[in-house]
Amino acid sequence: MGNIIVPASNTLREDVTALMLLSAILPLSIRGSYDVDDLGRTNILFTTLRAFGADQVLKEILIVCPPDEVSVIREQVKKWPEFIIRVVSEEDMVPELANHRQVRGWRKQQMIKLAAPRELSTPYYLTLDADAICLRPLTESLLIPDGKALLQYEKRALHPRWWKSSSRILKMSDHVGDPEVGMTVTPAIMASDISEATGEEIAANLRGKGSWVDKLCRLHNPRSPSNWTFYRHLRGRWTEYSLYYFCALKRNMLDKYHVTAGTETHPQLLLIHDSHPFEQWVPEQSFAPNGQGLFCVVNSSMRFDIENTWQKIAPFVPGASDLKMP
């Protein structure tokens, strides 16, 4: 199920992609968790990625979706020949998921982001969601300055249970590093080595009882009596990013692979929140040439009409008259 959709290639293109440090992963379902048209929303994502030259930065984009949606999505992405796009079934990439059909889609997507090194060959990968919007030109030096990926922080107090649950899963203190801050959400850049180490840490002491994916999935089986216990309650609020960040601290890997976004040295931010609330959003400020944000998100959960979103941002997307949203 892993056919590759590739634009017409030549030796130069192949030589360049071989040297690229960054790929991207996009977990996707035609109808998202909030029963909205997430496949349609990718039109805005890919239109803005194309407008801002992401095809020159990303070695490939891996789309991971439910098995019965592969053919539909594969056909849809043919309209983006600038990118090397692979569409694979989530159960081909993460076979353990076939044994845990009760797990909700957004939980699967979190595990897919952590499992990306199973399919991607680059040392780093950009995580995307269907409702992300690229705001300005992307370059490798912006995303991975001096060979280390941007990492953006937010206050742990915004989601304290993420950090407590993840620390318990990883059997470590939740006061490591600066206890006030932790890694923020999608879009993010993850190091393949840290993601693989995170899986190893989650799987520690399983003694052959499945993989790290099985362990996380078992925390979300409502039919299991063990999931109606205090033990499960204390561990069930993890996220891919809180697990990843804590593992990086536990193994002293953070400084080797990441630099902090939003500093004097690296003022760029992976994610800005200007688009909330949507009704008050002034896109001109988000897309301003002197802005710091590389991406924003118009959350699928808000159920905003795709066409309305596009009309709001189109005046600020370079070449929008020629880049009509398909």
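Residues numbered from 1 in each chain as written. Predicted model: local features only at pLDDT ≥ 70, side-chain atom pairs only at ≥ 80, totals over all residues. Heavy atoms only, no water.

Draft legend 1. Up close: the overall build of the protein. When helices and strands are counted, the protein shows 14 helices and 13 strands. Relative to its 326 residues, the protein shows a buried fraction of 56%. Partitioning the intrachain contacts of the protein with sequence separation of at least 6 by distance along the chain shows that 79% fall at a separation of at least 24. Counting only carbon and sulfur atoms, one obtains 51% of the accessible surface of the protein, whose full area is about 14800 Å². (Helix = DSSP H or I, 4+ residues; strand = E, 2+ residues; numbered from the N terminus. Buried < 20%, exposed > 50% of the residue type's maximum accessible area, 1.4 Å probe, protein only. Contact = heavy atoms within 4.5 Å. Areas by Shrake-Rupley, 256 points an atom, 1.4 Å probe, with all protein chains shown as cover.)

Draft legend 2. Layout of the packing of helix H5 (residues 105-114) against helix H11 (residues 240-250). The interhelical angle for the contact between H5 and H11, taken along N-to-C directions, is 30°, at an axis separation of 9 Å. Seen from H5, the contacting residues are Gln 110, Lys 113 and Leu 114; seen from H11, they are Glu 240, Tyr 241, Leu 243 and Tyr 244. Here the residues of the contact of H5 with H11 are counted per class, giving four nonpolar, one polar and two charged. (Axes fitted to C-alpha atoms, helices over the stretch in contact; angles between N-to-C directions. Nonpolar A, V, L, I, M, F, W, Y, C, P; charged D, E, K, R; others polar.)

Draft legend 3. Layout of the packing of helix H2 (residues 38-51) against helix H14 (residues 306-313). Interaxial distance between H2 and H14 falls to 9 Å at its minimum, and their mutual angle equals 20°. Comparing the axis directions of H2 and H14 gives the class roughly parallel. H14 is crossed by H2, and the crossing has right-handed handedness. Side by side, H2 and H14 meet where Gly 40, Arg 41, Ile 44, Thr 47 and Thr 48 of the first sit next to Ile 306, Thr 309, Trp 310 and Ile 313 of the second. (Parallel < 35°, antiparallel > 145°, perpendicular 65-115°, else oblique. Left-handed = near helix turned anticlockwise from the far one by under 90°.)

Draft legend 4. Fine view of the sheet that holds strand S13 (residues 293-297). Ordered in space as S6-S13-S12, the three strands form an open sheet in which the pairing is mixed. The outermost strands of the open sheet, each flanked by one partner alone, are strand S6 (132-134) and strand S12 (269-271). Taken pair by pair, the neighbouring strands of this sheet meet at an average axis angle of 20°, ignoring direction. Across two bridges, S12 lies against S13 in parallel orientation. When the bridges of S13 are listed, Leu 269 appears paired with Gly 293. Sitting on the sheet, H2 is in contact with S6 and S13, with an inclination near 20° to S6. (Pairing = 2+ DSSP bridges.)

Draft legend 5. Looking closely at the nonpolar core. Formed by 103 residues in total, the largest nonpolar core has its most connected members in Leu 49 and Ile 63. For this core, the element with the highest residue contribution is H11, accounting for eight residues. Apart from the residues within four sequence positions on either side, Ile 63 is in contact with Leu 26, Leu 28, Phe 46, Ile 73, Val 77, Ile 85, Arg 86, Val 87 and Val 88. (Core = buried A, V, L, I, M, F, W, Y, C linked by side-chain atoms within 4.5 Å.)

Draft legend 6. Structural context of helix H8 (residues 192-203). Its 12 residues give H8 an end-to-end C-alpha distance of 17 Å, which sits within 8% of 16 Å, the value for a rise of 1.5 Å per residue. Turning to H8, its buried residues number three or more, namely Ser 192, Ile 194, Ser 195, Ala 197, Thr 198, Gly 199, Glu 201 and Ile 202. One or two steps after H8, the chain reaches Asn 205, where phi turns positive at roughly 70°. (Expected span 1.5 Å × (residues − 1).)

Draft legend 7. Structural context of the pairing of S13. Of all five residues making up S13, five are buried, and the element is well covered by its neighbours. Bridging between S6 and S13 involves three bridges; their strand directions are antiparallel. Note that in S13 the partner of Ala 132 across the bridge is Val 297.

Draft legend 8. Region of interest: the side chain of Lys 113. One can find Lys 113 in helix H5. By relative accessible area, Lys 113 is classed as buried at 3%.

Draft legend 9. A look at the pairing of strand S2 (residues 22-27). The buried count for S2 comes to six of six residues, which makes it a mostly enclosed element. Neither face of S2 is exposed, since Leu 22, Ala 24 and Leu 26 on one face and Ser 23, Ile 25 and Pro 27 on the opposite face are all buried. Looking at chain direction, S2 and strand S3 (residues 58-65) are connected through five bridges and run parallel. Considered in S3, the bridge of Pro 27 is made with Val 64. The pairing of S2 with strand S5 (residues 124-127) spans four bridges and is classified as parallel. The residue of S5 that forms the bridge with Ala 24 is Leu 126.

Draft legend 10. The environment of Ile 25, seen in detail. One can find Ile 25 in strand S2. Ile 25 gets classed as buried once you look at its relative accessible area, which sits at 0%. Taking the C-alpha atoms as reference, Ile 25 lies 8.5 Å from Glu 60; in sequence the two are 35 residues apart.

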